[in-house]
2 protein chains.
Amino acid sequence: MKIGMSHGAGGEVMQNLISDIILKNIKNKRVNGGVGLDDLDDGASIPLGDLEIVLSTDGHTVDPLFFPGGDIGKLSIAGTVNDIAVMGAKPLAITNGMVIREGFPADDLETIVKSMDAVCQETGVSIITGDTKVMEQGKLDEMIITTTGIGVVNKGEIKRDSSLKVGDKIILSGSVGDHGMALMSYREGFGFDTDLQSDVAPIWEIVEKALAIGGVTSMKDPTRGGLANALNEIANKSGVGLLVEEDKIPLKEPVIAVSEMLGIDPYEVANEGKVIIGVEKELADETLSAIRKTRYGAQAQIIGEVTEDNHVILETSLGGKRILEAPIADPVPRVC
Amino acid sequence: MKIGMSHGAGGEVMQNLISDIILKNIKNKRVNGGVGLDDLDDGASIPLGDLEIVLSTDGHTVDPLFFPGGDIGKLSIAGTVNDIAVMGAKPLAITNGMVIREGFPADDLETIVKSMDAVCQETGVSIITGDTKVMEQGKLDEMIITTTGIGVVNKGEIKRDSSLKVGDKIILSGSVGDHGMALMSYREGFGFDTDLQSDVAPIWEIVEKALAIGGVTSMKDPTRGGLANALNEIANKSGVGLLVEEDKIPLKEPVIAVSEMLGIDPYEVANEGKVIIGVEKELADETLSAIRKTRYGAQAQIIGEVTEDNHVILETSLGGKRILEAPIADPVPRVC
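This one's a predicted model, so the numbers in the text were calculated from it and none came from an experiment. (Residues numbered from 1 in each chain as written. Chains lettered and ligands numbered in written order. Predicted model: local features only at pLDDT ≥ 70, side-chain atom pairs only at ≥ 80, totals over all residues. Heavy atoms only, no water.)

So, on to the relation of the copies chain A and chain B. Taken as rigid bodies, chain A and chain B are interconverted by a rotation of 180° and an axial shift of 0.0 Å, the fit giving an RMSD of 0.0 Å. This pairing of chains is accounted for by a two-fold axis. Taking the C-alpha atom as reference, chain A places A:Leu140 closest to the rotation axis, 2.2 Å from it. A symmetric contact is evident, with 100% of the interface residues of chain A recurring at the interface of chain B. (Least-squares fit on C-alpha atoms with pLDDT ≥ 70 in both. Contact = heavy atoms within 4.5 Å.)

This is the structure we're talking about:
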């Protein structure tokens, strides 16, 4: 077997690769009984005293490096901050591993580093250590940034992607499909002259406000594989179903337009500044209000609720129902 | 300016890139007063309660992936374990970010993952989370593994690469030049049929035994830029000089042979299983004995001592002296 593009695109094909080749061959997969490698959560944890240290890592290969709404620098910090945040931990620091192609313009590198810095300042996160490598011309396409985040949460307060309870409400923090469609339309030659922008942003403020209300049961950021993948993953792992009101899912006009033009489902492409939050139903409205006051949460919606079923069901206002399946892979390659 | 190979090869050129483009543009560089980005130590730390969390990250681009004595999998885990160890912290866990070329053989990936697992089992470290990306044919040469390590040490017991004291003895845990020369000779077509093997190995056992004696002041693993770079870095940062007895530096016969054949200084090429340890002179002999009983420390030597000078001086048994300068860059590219 040879590795294919779909092995890195989220979804089922990637899960199989990870299970068959990676998990099977690694013996030590967790520390101190924390969240480990085979939990396949957004990150892992190490219980230490009264705290739980949360770690998450992501290699960023986005193509192109600069896209409408952001660049690989912003993406790498926001993406890692978000993976720490959805586990309920306060992000503290990032490590920055960069591999750069020989001949890469130093000015572009500086722009990218400044983008990283901006997200760090916005979220109060520090870049505390790093590593820089250079590969020869022809051996690497531009650059790869691998960021690892570390956060902390009080022991027992970590949020898992497997702890939805029947009756919980599902909050989505804003519109979906923006990142994947912005990348795709840019690659198709629409350039920067479009209303379509990536949503890349740190969602820690949203999570922090939601956690403060006290009803959050489970969270996930819908990146590779999009909303469809994230909803199915969080439902499957929790052993529950979801009933989602399709009309409540925010979709921007240009995302709808491009998705129809390219024949790509906006629910299956990556988002980089959104979060799905399961909340106890009694606290759902209060949590929604708190989220709507945040910088990136103004368009948040309660999109549905957790059921005893074992499918993710989309229901339209006219009463039509369909099963939302997890995609085999994200239809847009090199999306993050 | 464009990024050149020497910007990723350790040494002075890389330090300039890091200072001018990275450090200058990042505002938040440390957390809770711990070791931060601009300390340019082997890793960083975050003080939390009675503990200090130590983090280190490394992107592995070694060419070829499989070389005499090891492969990228062994290198990535050992390298990161070693960076945590030289800060005096017990390595606990690793995060594993892999970027793989489309078409990469799954069998090779499995071999690499098994190599990672073997070092983890040897050192008691766990791989607790990861990320997998795939890049198109022609956009990436084989694969890159970025590992981030996390370790813990009691607050105040962290070892810095800037804390050598005048009078300390310098212990080197074994022969130098093995890794760089093994890679170089393999690339020159000598293949696997040579006595020359990479020294890639985890040095945590050596460090653990040395720390238990109580006299360690400072440590560094001589990777990119070799022994010459590491000795100069640890001396400069500590504001001291070193007097090293050249005849005490262990060098293997095949390393000497290849270095003469290729005209490459064995002190300037990378090692991946060695450590330089500064020790209070009263405890130097006891520390050396403890190190010599470890799996990878049998050839350890006290190679010199810390002086009030501000150079690294090599002295031969005949009394000849010369200054050992830090190399501009590692003469062997893509060494780790």
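And the narrative resumes.
Opposite charge on two side chains allows them to pair when their charged atoms are near. In total, this model carries 46 salt bridges over all chains according to the counting rule given. The partner of A:Arg334 in a salt bridge is A:Asp141, with the nearest N and O atoms 3.3 Å apart. Here A:Arg334 is found in the segment after strand S14 (321–323), whereas its partner A:Asp141 is found in the loop between strand S6 (126–135) and strand S7 (143–154), with 193 residues between them in sequence. With a closest N to O distance of 2.5 Å, A:Arg334 and B:Glu136 form a salt bridge. Within this pair, whereas A:Arg334 is found in the segment after S14, its partner B:Glu136 is found in the loop between strand S6 (126–135) and strand S7 (143–154), the two belonging to separate chains. On the accessibility criterion, A:Arg334 (6% relative accessible area) is buried. (Salt bridge = Lys/Arg side-chain N within 4 Å of Asp/Glu carboxyl O. Helix = DSSP H or I, 4+ residues; strand = E, 2+ residues; numbered from the N terminus. Buried < 20%, exposed > 50% of the residue type's maximum accessible area, 1.4 Å probe, protein only.)

Attention shifts here to the interface of chain A and chain B. Chain A puts 82 residues into the contact, and the matching count from chain B is 82 residues. Contact with chain B buries area across many residues of chain A, yet A:Ile3, A:Ile128 and A:Lys133 alone supply 10% of it, more than any other trio. The tally of links between chain A and chain B comes to 10 salt bridges. Taken together, the links from chain A to chain B amount to 36 residue pairs in polar contact (both at pLDDT 80 or more). Secondary structure elements with two or more residues in the side of chain A that touches chain B: helix H1 (11–22), strand S1 (44–48), strand S2 (51–60), strand S5 (90–101), helix H3 (106–123), S6 and S7 of chain A. Ranked by residue count, the leading element in the side of chain A that touches chain B is S6(A), at 10 residues. Broken down by class, the residue content of the side of chain A that touches chain B amounts to 38 nonpolar, 24 polar and 20 charged. (Buried area = accessible area lost by both parts, 1.4 Å probe. Polar contact = N/O pair within 3.5 Å; in protein donor to acceptor, adjacent residues only side chain to side chain. Nonpolar A, V, L, I, M, F, W, Y, C, P; charged D, E, K, R; others polar.)

The next thing to look at is the sheet that holds strand S13 (residues 312–315) of chain A. Residues and elements named next belong to chain A. An order of S9-S11-S8-S12-S10-S13-S14 is seen for the seven strands of this open sheet, with the pairing classed as mixed. Edge positions in the sheet fall to strand S9 (216–220) and S14, since each of these pairs with one other strand and no more. Sheet twist, expressed as the mean angle between neighbouring strand axes with direction ignored, is 25°. (Pairing = 2+ DSSP bridges. Axes fitted to C-alpha atoms, helices over the stretch in contact; angles between N-to-C directions.)

To continue, consider empty space enclosed by the protein. Applying the stated criterion across every chain yields a total of one cavity of 30 Å³ or more. Considered as a void within the structure, the largest cavity measures approximately 100 Å³ in volume. Lining the largest cavity are A:Lys133, A:Val134, B:Met5, B:Gly8, B:Ala9, B:Thr61, B:Arg224, B:Val332, B:Pro333, B:Arg334, B:Val335 and B:Cys336. (1 Å grid on protein atoms, 1.4 Å probe; cavity = no way out; pocket = protein on both sides within 12 Å on 5 of 7 lines; lining within 4 Å. Points joined across faces, edges and corners; volume = space filled by probe spheres on them.)

Residue and element names in this part refer to chain B. Strand direction decides the pairing type here: strand S10 (residues 241–245) and strand S12 (residues 301–307), joined by four bridges, are antiparallel. In the strand pairing of S12, Leu243 is matched with Glu305. Where S10 meets strand S13 (residues 312–315), four bridges bridge the pair, whose relative direction is parallel. Counted as the bridge partner of Leu243 is Ile313 from S13.

Moving on: the pairing of strand S12 (residues 301–307) of chain A. Residue and element names in this part refer to chain A. Among the seven residues in S12, five count as buried, and that is most of the element. Note: strand S8 (residues 169–172) against S12, four bridges, orientation antiparallel. Each bridged residue has a counterpart across the sheet, and for Leu172 the counterpart in S12 is Gln301.

Turning next to the environment of B:Ser56. Considering the arrangement of structural elements, one finds B:Ser56 in strand S2 (residues 51–60). Between the alpha carbons of B:Ser56 and B:Glu12 there is a distance of 21 Å; along the sequence they are 44 residues apart. With sequence-adjacent residues up to four places away left out, B:Ser56 is seen in contact with A:Thr129, B:Asp42, B:Gly43, B:Thr80, B:Asp83, B:Ile84, B:Thr147, B:Thr148 and B:Gly149. Among the polar contacts made by the side chain of B:Ser56, one reaches the main-chain carbonyl oxygen of B:Asp42 at a distance of 2.7 Å.

Let us now look at the UniProt feature "domain: PurM-like N-terminal" (unreviewed entry) in chain A. When the UniProt feature table is mapped to this numbering, "domain: PurM-like N-terminal" (unreviewed entry) covers residues 41–153 of chain A. Taken end to end, residues 41–153 of chain A comprises 28% helix and 46% strand; its first and last C-alpha atoms sit 16 Å apart. (UniProt positions renumbered as here; feature names shortened; annotations may be inferred.)

Residue and element names in this part refer to chain A. Domain assignment breaks chain A into domain 1 (34–154) and domain 2 (169–323). Here the C-alpha centroids of domain 1 and domain 2 sit 22 Å apart. Domain 1 puts 29 residues into the contact, and the matching count from domain 2 is 28 residues. With a shortest N-O distance of 3.1 Å, Lys220 and Asp42 are connected by a salt bridge. Linking domain 1 with domain 2 are 11 residue pairs in polar contact (both at pLDDT 80 or more). Secondary structure elements with two or more residues in the side of domain 1 that touches domain 2: strand S3 (66–67), helix H2 (72–85), S5 and H3. Of all the elements, H2 adds the most residues to the side of domain 1 that touches domain 2, at eight residues. Of the residues in the side of domain 1 that touches domain 2, the class split is 14 nonpolar, six polar and nine charged. (Domains from an automatic or database assignment.)

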